[in-house]
Amino acid sequence: MTIMTHEIYEQLAKTKLLPLYTATDLSCLDKLEEILVKNEVRFIEVTFRSDLAAEAMKQLSKSGELTVGAGTVRSLAEAELAVASGAKFVVSPAVVPEVIDYCLSKNIPVFPGTATPGDIQRALDYGIKVVKFFPADIYGGLKAIKALGGPFYDVQFLPTGGIDKSNFMDYLSDAHVIGVGGSFIISEALIQKDNGKTANEALKELVDLLEER
Ligand code: 3PG
């Protein structure tokens, strides 16, 4: 199986939304899973921005209902821990050679963070043609993706950073965008607010907008 035909890319191209989630309270995870499954967004990126990341990946992977990945992976140790904890894909904020080498050796899709032509070329040199574009809003947003899509016509982008309900559909209108990621899709704070009611409604709104396309 080559990396470009990996089922994770197919799932992302279909689901379009990659929720970025930081766990500081494991008691929210059941509700998180329930809301994602109910809305058919069976995807989650759990970031290494809290000490609970590995445990959260393990718990979310248990039922097999969700495809769980790791985010904010900046070192080989984190990549190894992520995979040992059930992560099926890895997202990094930058091009991190030791993370990429490890993921490629394990046939784990890795989304290196890129913002410039130089970054994208480095990813391409590894044979990676689906990259994170981060921080998307600061580095020119959709306009930048359109410009980068000229020379990098065969690259697909996963923009994150500053994406929200008001602009995610614009990003998704571009053929170079495989999907969008971010904390706007669901968050622990929103789940905690009223036991997931608002979080569920907010996600449903995004999914409805997607379906209206
Ligand atoms: C990331 O790591 O992808 C970003 O921190 C996500 O940014 P957001 O919180 O603006 O979605």
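Provided above is the structure to which this section pertains.
Residues numbered from 1 in each chain as written. Predicted model: local features only at pLDDT ≥ 70, side-chain atom pairs only at ≥ 80, totals over all residues. Heavy atoms only, no water.

Engineer: What's the story with the packing of helix α4 (residues 76–84) against helix α5 (residues 97–105) in this structure? I'm lost.
Structural biologist: Packed helices, taken two at a time, are described by their axes: the angle between them and the distance between them. Contact geometry of α4 with α5 gives a least axis separation of 8 Å together with a crossing angle of 30 degrees. Counted together, L76, A79, E80 and V83 of α4 and E98, V99 and Y102 of α5 form the full contact between these two elements. In the contact of α4 with α5, the residues fall into five nonpolar, no polar and two charged. (Axes fitted to C-alpha atoms, helices over the stretch in contact; angles between N-to-C directions. Helix = DSSP H or I, 4+ residues; strand = E, 2+ residues; numbered from the N terminus. Contact = heavy atoms within 4.5 Å. Nonpolar A, V, L, I, M, F, W, Y, C, P; charged D, E, K, R; others polar.)

Engineer: What am I meant to see in the site of the ligand here?
Structural biologist: Close contacts around the ligand come from L20, R49, K132, F134, T160, G161, G162, G182 and S183, and that covers them all. Contact between the ligand and K132: an oxygen atom at 2.7 Å from a side-chain N or O atom of the residue. With respect to the ligand, the side chain of T160 contributes an N or O atom lying 2.6 Å from an oxygen atom. Protein contact buries 80% of the 320 Å² of open area that the ligand shows by itself. (Near = heavy atom within 4 Å. Polar contact = N/O pair within 3.5 Å; in protein donor to acceptor, adjacent residues only side chain to side chain. Areas by Shrake-Rupley, 256 points an atom, 1.4 Å probe, with all protein chains shown as cover.)

Engineer: Explain the environment of E212 here, please?
Structural biologist: Checked against the element boundaries, E212 lands in the segment after α10 (197–211). Sequence-wise, E212 and Y139 are 73 residues apart; in three dimensions their C-alpha atoms are separated by 29 Å.

Engineer: I would appreciate a short explanation of the packing of aromatic side chains in the present structure.
Structural biologist: For any pair of aromatic rings, geometry is given as the distance between the ring centres together with the angle between the planes. Considering all chains together, one arrives at five aromatic pairs under this definition. Taking the centre distance of 5.4 Å and the plane angle of 70 degrees together, the rings of F43 and F89 count as edge-to-face. With F43 in strand β2 (residues 43–47) and F89 in the loop between α4 and β4 (90–91), this pair connects stretches of sequence that are 46 residues apart. In this structure, F43 and F89 share a single accessibility class: buried. When its relative accessible area of 1% is taken as the criterion, F89 is described as buried. An aromatic cluster of three or more residues is present, and its members are Y9, F43, F89 and F111. (Phe/Tyr/Trp six-rings, centres within 6.5 Å; stacked < 30°, edge-to-face > 60°. Buried < 20%, exposed > 50% of the residue type's maximum accessible area, 1.4 Å probe, protein only.)

Engineer: Before we go on, may I ask you to explain the pairing of strand β7 (residues 130–133) in this structure?
Structural biologist: In regular strands, side chains alternate between the two faces of the sheet. Side chains V130 and K132 of β7 all project onto a buried face; the interleaved residues V131 and F133 project onto the opposite face, where all are buried too. For the crossover that starts at strand β6 (residues 113–114), traverses helix α6 (residues 117–125) and ends in the parallel β7, the hand is right-handed. Strand direction decides the pairing type here: β7 and strand β8 (residues 156–159), joined by four bridges, are parallel. Looking at β8, one finds that K132 is bridged to L158. Crossover handedness for the path β7 to helix α7 (residues 141–148) to β8: right-handed. (Right-handed = clockwise from strand over helix to strand, strands pointing away. Pairing = 2+ DSSP bridges.)

Engineer: Whenever I open this one, the side chain of H6 confuses me. Can you help?
Structural biologist: Note on placement: H6 falls in the segment before α1 (7–15). Exposure remark for H6: the relative accessible area of 9% places this residue in the buried category. Side-chain polar atoms of H6 contact the backbone oxygen of N107, separated by 3.4 Å.

Engineer: Any chance you could explain the environment of D25 here in plain terms?
Structural biologist: Relative to the helices and strands, D25 resides in the loop between β1 (17–21) and α2 (29–38). Under the relative-accessibility criterion, D25 is labelled partly exposed at 24%. Each C-alpha atom of the pair D25 and Q192 lies 9.3 Å from the other, and the pair is 167 residues apart in sequence. If we ignore the near neighbours within four places in the chain, the residues touching D25 are L52, E188 and Q192. Reaching out from D25, the side chain makes a polar contact with the side chain of Q192 at a distance of 3.2 Å.

Engineer: What should I look at first to understand the pairing of β2 in this one?
Structural biologist: Most of β2 is tucked away: five of the five residues are buried. Burial along β2 is two-sided: F43, E45 and T47 facing one way and I44 and V46 facing the other are all buried. The pairing of β1 with β2 spans two bridges and is classified as parallel. Bridging across to β2, Y21 finds its partner in V46. Both β2 and strand β3 (residues 67–71) contribute to a ladder of five bridges, which runs parallel. Paired with V46 across the bridge in β3 is A70. Each parallel crossover has a hand, and the one from β2 via helix α3 (residues 53–61) to β3 is right-handed.

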